[in-house]
Amino acid sequence: MTALSHELLARLEAASAGKLSEEETQKLEAELAQLPEGVTAAAEYRQLWAGFAALRSEEHRSKIAQWDADWQSADNQELAEWYLENKLSQENQNFVERRMEQDAAFAELIKQQGAMQAGFQALKDEAFRNQMDTWGEEETPSAKVRTLRLGWRRVASIAAAVVLLIAAGTFWNLSNNYSDEALAAKYYKVPPTGNTMGAGEPLEEAQYLNAFASAHQSMQDQNYAAARIQFEQLGTAIPPENFSADDLTYYQDNLDWNIVLAMLGQGETGEPLSRRISVILSSPNHTYYNEAKELSEDLTKFWR
Amino acid sequence: MSKYARDEDRLRELALGGDASWRTFYDDLRSPFRLFFLKHTTWSPEQVGALYQDVMVVLHRKVTSGDLQAPLRSSLRTYLFGVGKMLYRKQGGSKVQWEEEIPEVAVPASVEDHIAERERAAWVRDLLNRMDDKCREILEMVYLRGFSMESVAEDLQLSGAGSARKRKFDCLQRMRKLINSAN
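A. Quick look at the packing of helix α8 (residues 180-187) of chain A against helix α11 (residues 245-265) of chain A. Residue and element names in this part refer to chain A. Relative orientation of the contacting elements α8 and α11 amounts to 155°, with a least axis distance of 7 Å. As the angle between them shows, α8 and α11 are arranged roughly antiparallel. Relative to α11, α8 is oriented so that their crossing is left-handed. Residues D180, E181, L183, A184 and Y187 of α8 lie in contact with α11, whose contacting residues are W257, L261, L264 and G265. Of the residues in the contact of α8 with α11, the class split is 6 nonpolar, 1 polar and 2 charged.

B. How the structure looks around the interface of chain A and chain B. On the side of chain B, 65 residues touch chain A, which itself brings 63 residues to the contact. Buried surface at the junction of chain A and chain B, both sides included, amounts to about 6200 Å², of which 58% is carbon and sulfur. Our count for the chain A to chain B interface comes out at 15 salt bridges. One salt bridge in this structure joins E78 of chain A and R34 of chain B, with 3.2 Å as the shortest N-O distance. Counting the contacts that link chain A with chain B gives 33 residue pairs in polar contact (both at pLDDT 80 or more). Every element with two or more residues in the side of chain A that touches chain B is listed here: α1 (6-16), α3 (38-84), α4 (90-102), α10 (224-236), α11 and α12 (271-281) of chain A. When residues in the side of chain A that touches chain B are grouped by element, the largest group, 30 residues, is from α3 of chain A. For the side of chain A that touches chain B, the class distribution of residues is 28 nonpolar, 17 polar and 18 charged.

C. Representation of the packing of aromatic side chains within the structure. Per the stated rule, a full pass over the model turns up 23 aromatic pairs over all chains. Where F37 of chain B meets Y88 of chain B, the ring centres are 6.4 Å apart and the plane angle is 55°; that geometry is what we call tilted. Highlighted residues: F37 of chain B in helix α2 (residues 19-40) and Y88 of chain B in helix α4 (residues 76-90), separated in sequence by 51 residues. We note that F37 of chain B, like Y88 of chain B, is buried. A connected cluster of aromatic rings, assembled from ring pairs, spans W67 of chain A together with Y26, F33, F36, F37, W43, Y52, F81, Y88 and W98 of chain B. Cation over ring: R99 of chain A sits above F106 of chain A, and NZ or CZ is 4.1 Å from the ring centre. Over the face of the ring belonging to F147 of chain B we find R145 of chain B, whose NZ or CZ atom lies 5.5 Å from the ring centre.

D. Region of the structure containing the packing of α10 of chain A against α11 of chain A. Residues and elements named next belong to chain A. Interaxial distance between α10 and α11 falls to 9 Å at its minimum, and their mutual angle equals 155°. What the angle tells us is that α10 and α11 run roughly antiparallel. Crossing hand, α10 versus α11: left-handed. Seen from α10, the contacting residues are Y224, A227, R228, F231, E232, L234 and G235; seen from α11, they are N254, L255, N258, I259, L261, A262, M263 and G265. The class makeup of the residues in the contact of α10 with α11 is 9 nonpolar, 4 polar and 2 charged.

E. Region of the structure containing unusual backbone geometry. A cis geometry characterises the amide bond from A70 of chain B onward to P71 of chain B, with omega recorded as 0°. Checked against the element boundaries, P71 of chain B lands in the loop between α3 (45-64) and α4. The backbone phi angle of E37 of chain A is positive, close to 60°, even though this residue is not glycine. Its place among the elements puts E37 of chain A in the loop between α2 (22-34) and α3. Given the relative accessible area of 47%, E37 of chain A is considered partly exposed. A positive phi angle, close to 60°, is found at N86 of chain A, a residue other than glycine. Considering the arrangement of structural elements, one finds N86 of chain A in the loop between α3 and α4. For N86 of chain A, a relative accessible area of 56% puts it in the exposed group.

F. Geometry of the state of the cysteines. All names here are of chain B. Tallied over the entire structure, the rule returns 1 disulfide over all chains. Disulfide pairing is shown between C135 and C171; the S-S distance is 2.1 Å. Sign of the S-S torsion, about -80° for the bond between C135 and C171, identifies this disulfide as left-handed. Here C171 lies in helix α9 (residues 161-182) and C135 lies in helix α7 (residues 133-144), a separation of 36 residues in the sequence. Grouping residues by exposure puts C135 and C171 together as buried.

G. Spatial organisation of the side chain of N92 of chain A. Structurally, N92 of chain A is set in helix α4. What N92 of chain A contacts, discounting residues up to four positions off in sequence, is L38, T41, T42, W43, S44 and P45 of chain B.

H. Structural detail: α4 of chain A. Residues and elements named next belong to chain A. The first and last C-alpha atoms of α4 sit 19 Å apart over 13 residues, in line with the 18 Å expected at 1.5 Å per residue. Listing the buried residues of α4 in full gives N92, Q93, F95, V96 and R99. The arc enclosing the buried residues of α4, seen along the axis, measures out at 155°, which places them on a common side. Of the exposed residues in α4, those oriented more than 90 degrees away from the buried face are Q90 and E101.

I. How the structure looks around the nonpolar core. Residues F25, F33 and L80 of chain B are the most contacted members of the largest nonpolar core, which totals 51 residues. The set of elements that each furnish at least two residues to this core consists of α3, α4 and α5 (104-137) of chain A together with α1 (5-15), α2, α3 and α4 of chain B. In this structure, F33 of chain B is in contact with V48, L51, Y52, V55, L80, F81 and G84 of chain B, ignoring residues within four places of it in sequence. Counting 39 residues, the second-largest nonpolar core is a separate cluster that includes L8 and A54 of chain A together with A153 and C171 of chain B.

J. Just the pattern of salt bridges, in detail. With the rule as written, the count across this model stands at 38 salt bridges over all chains. Put simply, R275 of chain A and D27 of chain B hold a salt bridge, and the shortest N to O gap is 3.4 Å. On the criterion of chain membership, the pair formed by R275 of chain A in helix α12 and D27 of chain B in helix α2 is interchain, its members lying in two chains. As far as the burial class goes, R275 of chain A and D27 of chain B line up, both buried. Close ionic contact of D67 of chain B with K62 of chain B constitutes a salt bridge, the shortest N to O distance being 3.2 Å. The exposure class assigned to K62 of chain B is buried, which follows from its relative accessible area of 7%. Bridged by salt links that share partners, the residues D68, D75 and E78 of chain A together with R30 and R34 of chain B form one connected network.

Calculation criteria
Residues numbered from 1 in each chain as written. Chains lettered and ligands numbered in written order. Predicted model: local features only at pLDDT ≥ 70, side-chain atom pairs only at ≥ 80, totals over all residues. Heavy atoms only, no water. Axes fitted to C-alpha atoms, helices over the stretch in contact; angles between N-to-C directions. Helix = DSSP H or I, 4+ residues; strand = E, 2+ residues; numbered from the N terminus. Parallel < 35°, antiparallel > 145°, perpendicular 65-115°, else oblique. Left-handed = near helix turned anticlockwise from the far one by under 90°. Contact = heavy atoms within 4.5 Å. Nonpolar A, V, L, I, M, F, W, Y, C, P; charged D, E, K, R; others polar. Buried area = accessible area lost by both parts, 1.4 Å probe. Salt bridge = Lys/Arg side-chain N within 4 Å of Asp/Glu carboxyl O. Polar contact = N/O pair within 3.5 Å; in protein donor to acceptor, adjacent residues only side chain to side chain. Phe/Tyr/Trp six-rings, centres within 6.5 Å; stacked < 30°, edge-to-face > 60°. Buried < 20%, exposed > 50% of the residue type's maximum accessible area, 1.4 Å probe, protein only. Lys NZ or Arg CZ within 6 Å of the ring centre and 35° of its normal. Disulfide = S-S within 2.5 Å. Expected span 1.5 Å × (residues − 1). Arc of directions from axis to C-beta. Core = buried A, V, L, I, M, F, W, Y, C linked by side-chain atoms within 4.5 Å.

Structural data, given as structure tokens:
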């Protein structure tokens, strides 16, 4: 059996991975052809590498199957939601209807989901109505970025006074200020949603922006459970076609960050939250990279 | 700065092959992908679910092999839809008027053929099981977990990347001997 030198093997592997130029590959093939059984040996190594790639893919496929299983319960709910919002192709709208006829539990799920969505819509309308009232009260039409820190600061100053009076209160104060809800409020910022709603924008964009504003209203109301659902729904929605790449980044980053805050507000501080934060931290260009870093540090404070 | 800088950061993270990054990516894009194909095609939710799994395997292969690298010409999400579009066509999906931005992404022929791919995987798994522990460990690190030679050297306490590379090729040669001894 012909043994190929390591140098030749390294080039063969690079060629198999498509990392050699055409000229280099031809030179390599010529060298292999001159070796006794060189071509056969090369073919066997290529088979091995293809086998490794296949094995790696198969192992990844098994993991995906496990991840997929975790989604099974959510799949029907999601399908129901899309059906009710008429987002599916006609064939799939019909598919859902046929399934409702055959599956009573699924039909019940659609019914419940319909009632829930109607409730959310009412809430959204209410929030939008309130927002319109606020626009009427503002002297200037420009949107403001205001933060929830006003309330937070008030709480903090009261806490500071307590600290002066009672030293023992220090730990209590710290642990409260770093509670999940306090951190969610501390890092939350109201985006300038008002000025993005123009009269001439397409319906699809208006719906998206309304949903975005409504999700933020839930955050401001500290209704974190509703906010999380709303932000996650927005995350699964296909953004309006007329959004530019900058718009997409702006909204996607905002959704990423606010899902983190809503989870925190709900007191969900386990692995799902860490995963969400680490996704932001893995991208230094993420709009909320610095906030995520600070939050990560806050979450590890010993007095929490 | 690239138009897709954030996606490129994410791509680099995925290229490292960590399960947590892939899991988050899988979770993040599952619903948009399902909705897109349930909206634009006639395929049922079950078929679209299976398509998403295939698409993820193709993407994993492309990213871990270095076939897909920065700079990106579309977002990862659009790219993923492009892989889905190609597989949908190849798996006999009916004609669809795709949005213009959805790219034509080449799908490796080997990944498409599940049966052949599974056989290839089983064959290498069998060969690996017949190797000694040391060789199996280094080959798994390099080819299945995507370790760099530097990381292999560090993990196995070898003198450096060169030494790890030499050992890898020695082990590959031994593996090739196993093929020949079986024939």
